[in-house]
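Single-letter residue listing:
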Amino acid sequence: MSEKWWKEAVVYQIYPRSFCDSNGDGIGDIQGIISKLDYLKQLGINVIWLSPVYKSPNEDNGYDISDYYSVNEELGTLEEMKNLFYEAKIRGIKIIMDLVINHVSNQHEWFIKGQNVDSEYHDYFIWRKGKDGGKRPPNNWTSFFTGSAWEKNDLNSKYFLHLFSNTMPDLNFHNPKVIAEVKAIMKFWLDMGISGFRCDVINVIFKSSLKDGKKRIALTGQEYYVSQYGCHKILKELKRDVTANYDCFLVGETVLVNTDMANDLCADNRQELDMVFGFEHMETEQISNKWFKLKFQPEKLFRVITKWQTEVDWNANYLENHDQPRSVSRFGDDKNFRELSAKMLCTMLLTLRGTPYIFEGQEIGMTNGDFLDIEEMKDLESHNVYNLAKELHFPKKLRWSLIKKTSRDNARTPMQWSKNANASFTTGKPWLQINKNFENINVEQNLNDKDSVLNFYKELISIRKNTETLLFGTFKRLNSPKNVFIFERKLKGEKYLTICNFSNKKIKIKFKLNWNIIISNYKRTDLKEVNFLEPYESILIKINKS
Ligand code: TEU
Ligand code: CA
């Protein structure tokens with residue numbers, strides 16, 4: 001079954017700048033990652049997803065690539081990457097890399113040369129003349145990072161398309177040369193021994209038309225670039241000509257997709273991607289009009305997860321990544337029930353059907369960053385949104401409350417390794433401030449406490465790996481009291497139940513007594529006389545045949 005090894009994998013995402021700094025410059029690096037491989041091995045994960053390590057001016061921390069064939073000097077060298085691959089391999093850990101091909105950095109040679117209309121690289125990008133004699137952008141599309149998706153270029157007076165930052169021009173996937181470049185890049189890294197790619201915003205690479213889009217609050221133009229026919233065609237070509245020849249998998253980051261679109265991208269017979277990250281479950285907060293307070297709606301989360309679990313055969317399951325707030329702060333309670341709610345979320349994540357992804361720090365229950373002011377944040381998107389809110393005359397307090405909860409920097413604060421200076425992340429000055437709670441929340445403390453969040457993750461990872469039903473069983477949601485998520489996994493007559501209380505209240509519930517507790521975050525060992533679920537309680541149960 002080597003073909004589908006990735007279905008049995010537990011993936012750990014590393015955001016290199018924030019993981020571990022080996023040389024005191026305040027920036028996490030490849031040597032730092034190598035030094036923590038034993039830590040990852042004992043945790044039990046077997047695949048690492050590395051966020052971008054390529055050469056980059058770091059406008060968007062590496063998602064703006066200026067050379068796909070070399071490593072960002074801040075992070076290390078190609079030799080060190082080879083060493084990382086080797087050291088991971090001898091520990092039984094595979095590595096997938098981020099493949100960011102929708103756009104490049106404006107510092108990439110292709111763009112520098114391509115600004116010249118006579119250059120062979122000009123057609124690598126999407127250029128149009130502006131309207132009104134060049135005064136206005138070619139169409140009304142808006143960018144993911146706010147504002148128009150077009151930027152006028154000083155050298156040739158044309159506009160280029162950028163779905164993200166204006167320093168990240170989109171590549172032109174109507175040009176076969178661009179597709180050939182992508183294939184070469186993929187081969188280069190696969191030949192070096194990696195086991196696949198996480199494909200950044202992969203379903204928007206092909207723009208089928210540049211007409212004005214239907215006006216929307218955000219992302220005007222999307223009907224012309226989300227999951228277009230041309231995108232499916234390119235993905236099939238990449239699979240046929242590249243990845244089919246390697247023992248690897250592709251996970252797509254796919255924006256604005258529903259379950260039908262996800263199936264079109266990753267159903268078995270389509271030969272495009274192996275699984276996708278959806279976003280719908282990341283939109284389960286309601287904005288109340290009072291200071292834009294976001295209120296998490298557990299029932300909505302359960303509905304969305306159930307929908308994806310039922311309608312998509314194999315999901316890429318996640319609660320956190322480098323773009324999202326920390327899950328314990330968002331879906332749990334990081335003040336009164338931090339450890340319990342982190343363990344509850346772990347129980348859900350690791351018993352769903354699909355491949356689970358854990359983001360660095362999630363395994364110790366790290367919380368949102370403790371920023372006090374926008375100036376303390378580094379993320380480009382956060383600053384853009386903040387500035388837009390300013391232009392729209394939102395009062396300062398409102399702007400801040402909006403950003404504080406949603407900023408991508410919430411998850412990007414450095415990894416908390418110990419209670420020592422700078423959380424042992426660096427001996428220098430960290431590139432982004434470390435959360436002051438590192439004295440209590442850190443890896444060292446978690447390793448020493450047998451009841452820690454970390455040890456809970458370790459146990460659940462091991463249970464998952466050794467339980468066929470949890471890996472391959474079907475998923476079914478069962479009736480439950482409000483704010484409690486109960487689902488069943490079933491295979492060949494064997495049944496498991498996951499029960500998660502997403503509230504800080506006790507909730508009345510009935511159990512059968514012949515059920516076996518496999519793992520409980522309240523350390524319950526039997527269900528006798530349990531009439532209530534405790535706040536944020538989670539239990540994984542094996543149902544004995546009666
Ligand atoms: O993210 C794509 C994406 O959709 C995000 O911009 C998302 O809308 C936003 O972060 C939510 O706040 C990918 C990468 O994961 C992200 O880090 C990059 O900035 C982006 O693509 C551009 O490459
Ligand atoms: Ca460093």
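As the structure is a computational prediction, the values presented were derived from the model and not from experiment. (Residues numbered from 1 in each chain as written. Chains lettered and ligands numbered in written order. Predicted model: local features only at pLDDT ≥ 70, side-chain atom pairs only at ≥ 80, totals over all residues. Heavy atoms only, no water.)

A. Structural context of the overall build of the protein. Per the secondary structure count, the protein includes 16 helices and 22 strands. Compactness check: the protein gives a C-alpha radius of gyration of 23 Å against a globular reference of 24 Å for 546 residues, within 12% of the reference. With the C-alpha coordinates aligned to their principal axes, the bounding extent of the protein is approximately 80 × 55 × 50 Å. Going through the 546 residues of the protein one by one, you find that 61% of them count as buried. The long-range fraction of contacts in the protein, counting pairs at least 24 apart against all pairs at least 6 apart in sequence, stands at 68%. On the protein, roughly 22,600 Å² of surface is accessible, and the fraction owed to carbon and sulfur atoms is 49%. A gap of 7 Å separates the mean positions of the 77 positive and 71 negative side-chain charges of the protein. (Helix = DSSP H or I, 4+ residues; strand = E, 2+ residues; numbered from the N terminus. Rg over C-alpha atoms; globule rule 2.2 N^0.38 Å. Buried < 20%, exposed > 50% of the residue type's maximum accessible area, 1.4 Å probe, protein only. Contact = heavy atoms within 4.5 Å. Areas by Shrake-Rupley, 256 points an atom, 1.4 Å probe, with all protein chains shown as cover. Lys, Arg positive; Asp, Glu negative; His and termini not counted. Charge placed at Lys NZ, Arg CZ, Asp CG, Glu CD.)

B. Focus on the pattern of salt bridges. Here the structure, examined in full by the defined rule, presents 36 salt bridges. For Arg326, the salt bridge is made with Glu320, and the minimal N-O distance between the two is 2.7 Å. Comparing Arg326 with Glu320 shows no difference in burial state: the two are buried. The partner of Lys542 in a salt bridge is Glu494, and the shortest N-O contact between them spans 3.5 Å. Here the residue Lys542 occupies a position in strand E22 (residues 538-543), and Glu494 occupies one in strand E18 (residues 494-501), the gap between them amounting to 48 residues. (Salt bridge = Lys/Arg side-chain N within 4 Å of Asp/Glu carboxyl O.)

C. A look at the site of ligand 1. Near ligand 1, the surroundings consist of 17 residues, among which Asp60, His103, Asp200, His322 and Asp323 are the closest. In the model, an oxygen atom of ligand 1 is placed 2.9 Å from a nitrogen or oxygen of the His103 side chain. Contacts to ligand 1 include Asp200, whose side-chain N or O atom sits 2.9 Å from an oxygen atom. Protein contacts shield 89% of the accessible area of ligand 1, which totals 490 Å² for the unbound molecule. A per-class count over the shell around ligand 1 returns 7 nonpolar, 2 polar and 8 charged. (Near = heavy atom within 4 Å. Polar contact = N/O pair within 3.5 Å; in protein donor to acceptor, adjacent residues only side chain to side chain. Nonpolar A, V, L, I, M, F, W, Y, C, P; charged D, E, K, R; others polar.)

D. How the structure looks around the sheet that holds E18. The sheet built from 5 strands is open, its strands ordered E16-E17-E18-E22-E20 with antiparallel pairing. The open sheet has two edge strands with one neighbour each: strand E16 (474-477) and strand E20 (515-520). Here the average twist between neighbouring strands, direction ignored, is 25°. As paired elements, E18 and E22 share 6 bridges and run antiparallel to each other. (Pairing = 2+ DSSP bridges. Axes fitted to C-alpha atoms, helices over the stretch in contact; angles between N-to-C directions.)

E. Structural view of the coordination of the calcium ion (ligand 2). Looking at the calcium ion (ligand 2), the protein donor atoms are Asp21 (OD), Asn23 (OD1), Asp25 (OD), Ile27 (O) and Asp29 (OD), and they sit 2.3 Å from it. Each donor residue of the calcium ion (ligand 2) belongs to the same chain, and together they define the spacing D-x1-N-x1-D-x1-I-x1-D. (Donors = N, O, S within 2.8 Å, 3.2 Å for Na, K, Ca; no water.)

F. Here's a closer look at the nonpolar core. Counting 164 residues, the largest nonpolar core has Trp189, Phe197 and Phe502 as the members making the most contacts within it. Setting aside its immediate chain neighbours within four residues, Phe502 contacts Phe296, Pro298, Leu301, Phe302, Phe331, Met344, Leu345, Met348, Asn483, Phe485 and Tyr536. Ranked by size, the runner-up nonpolar core spans 15 residues in total, among them Ile507, Ile517, Leu527 and Ile539. (Core = buried A, V, L, I, M, F, W, Y, C linked by side-chain atoms within 4.5 Å.)

G. Local environment of helix H15 (residues 453-465). Between its terminal C-alpha atoms H15 stretches 18 Å, which fits the 18 Å expected from 13 residues at 1.5 Å a residue. Turning to H15, its buried residues are Val453, Leu454, Asn455, Phe456, Tyr457, Leu460, Ile461, Ile463 and Arg464. (Expected span 1.5 Å × (residues − 1).)

H. Highlighting the sheet that holds strand E11 (residues 275-277). One open sheet holds the 8 strands; their spatial order is E11-E10-E9-E5-E2-E1-E15-E14, and the pairing between them is parallel. Edge positions in the open sheet fall to E11 and strand E14 (316-318), since each of these has one partner strand only. Strand-to-strand twist across the sheet, computed as the mean angle between neighbouring axes with direction ignored, equals 25°. Across 4 bridges, strand E9 (residues 196-199) lies against strand E10 (residues 249-253) in parallel orientation.

I. Molecular detail of the packing of aromatic side chains. Enumeration over the complete set of coordinates arrives at 33 aromatic pairs. Look at Phe296 and Phe502: their rings are 6.2 Å apart centre to centre, the planes differ by 55°, and that puts the pair in the tilted class. With Phe296 in strand E13 (residues 294-296) and Phe502 in the loop between E18 and strand E19 (507-508), this pair connects stretches of sequence that are 206 residues apart. The burial state of Phe296 is the same as that of Phe502; both residues are buried. Here the aromatic rings of Phe475 and Phe487 are separated by 5.2 Å at their centres, their planes lie at 35°, and the arrangement is tilted. Linking Phe475 in strand E16 with Phe487 in strand E17 (residues 484-491), this pair joins segments that are 12 residues apart in sequence. (Phe/Tyr/Trp six-rings, centres within 6.5 Å; stacked < 30°, edge-to-face > 60°.)

J. Broad picture of a positive patch on the surface. Residues Lys293, Lys295, Lys397, Lys405, Lys482 and Lys505 make up a contiguous surface patch of positive charge. Mapped onto the secondary structure, Lys397 falls in helix H13 (residues 396-406). (Patch = residues over 30% accessible without salt bridge, like charges linked within 9 Å, V, L, I, M, F, W, Y side chains within 5 Å.)

K. Summary view of empty space enclosed by the protein. Taken as a whole, this structure holds 4 cavities of 30 Å³ or more when the rule is applied. For the largest cavity, the lining is made up of 17 residues, of which His281, Ile305, Trp308, Ala316 and Asn317 are closest to its centre. Elements with a contribution of two residues or more to the lining of the largest cavity: helix H9 (298-311), E14 and helix H11 (338-351). Among the elements that take part in the lining of the largest cavity, H9 stands out by supplying 4 residues, more than any other. Of the residues assigned to the lining of the largest cavity, the class counts are 11 nonpolar, 5 polar and 1 charged. (1 Å grid on protein atoms, 1.4 Å probe; cavity = no way out; pocket = protein on both sides within 12 Å on 5 of 7 lines; lining within 4 Å. Points joined across faces, edges and corners; volume = space filled by probe spheres on them.)

L. Seen up close, H9. The end-to-end C-alpha distance of H9, which contains 14 residues, comes to 20 Å, matching closely the 20 Å that a straight helix rising 1.5 Å per residue would cover. Within the sequence span of H9, burial applies to Pro298, Leu301, Phe302, Val304, Ile305, Thr306, Trp308 and Gln309.

M. Here's a closer look at the environment of Asp200. Examined against the element boundaries, Asp200 turns out to sit in the loop between E9 and helix H7 (229-241). Considering only alpha carbons, one finds Asp200 and Val312, 112 residues apart in sequence, at a separation of 20 Å.

N. Quick peek at the packing of helix H8 (residues 259-266) against H9. Where H8 contacts H9, the axes come no closer than 10 Å and their chain directions differ by 35°. Where H8 crosses over H9, the two elements pack in a sense that is right-handed. Only Lys307, Trp308 and Glu311 of H9 make contact with H8, whose side of the interface consists of Thr259, Ala262 and Asn263. Its residues assigned to classes, the contact of H8 with H9 comprises 2 nonpolar, 2 polar and 2 charged. (Left-handed = near helix turned anticlockwise from the far one by under 90°.)

Shape is all these values report; function is a separate question.
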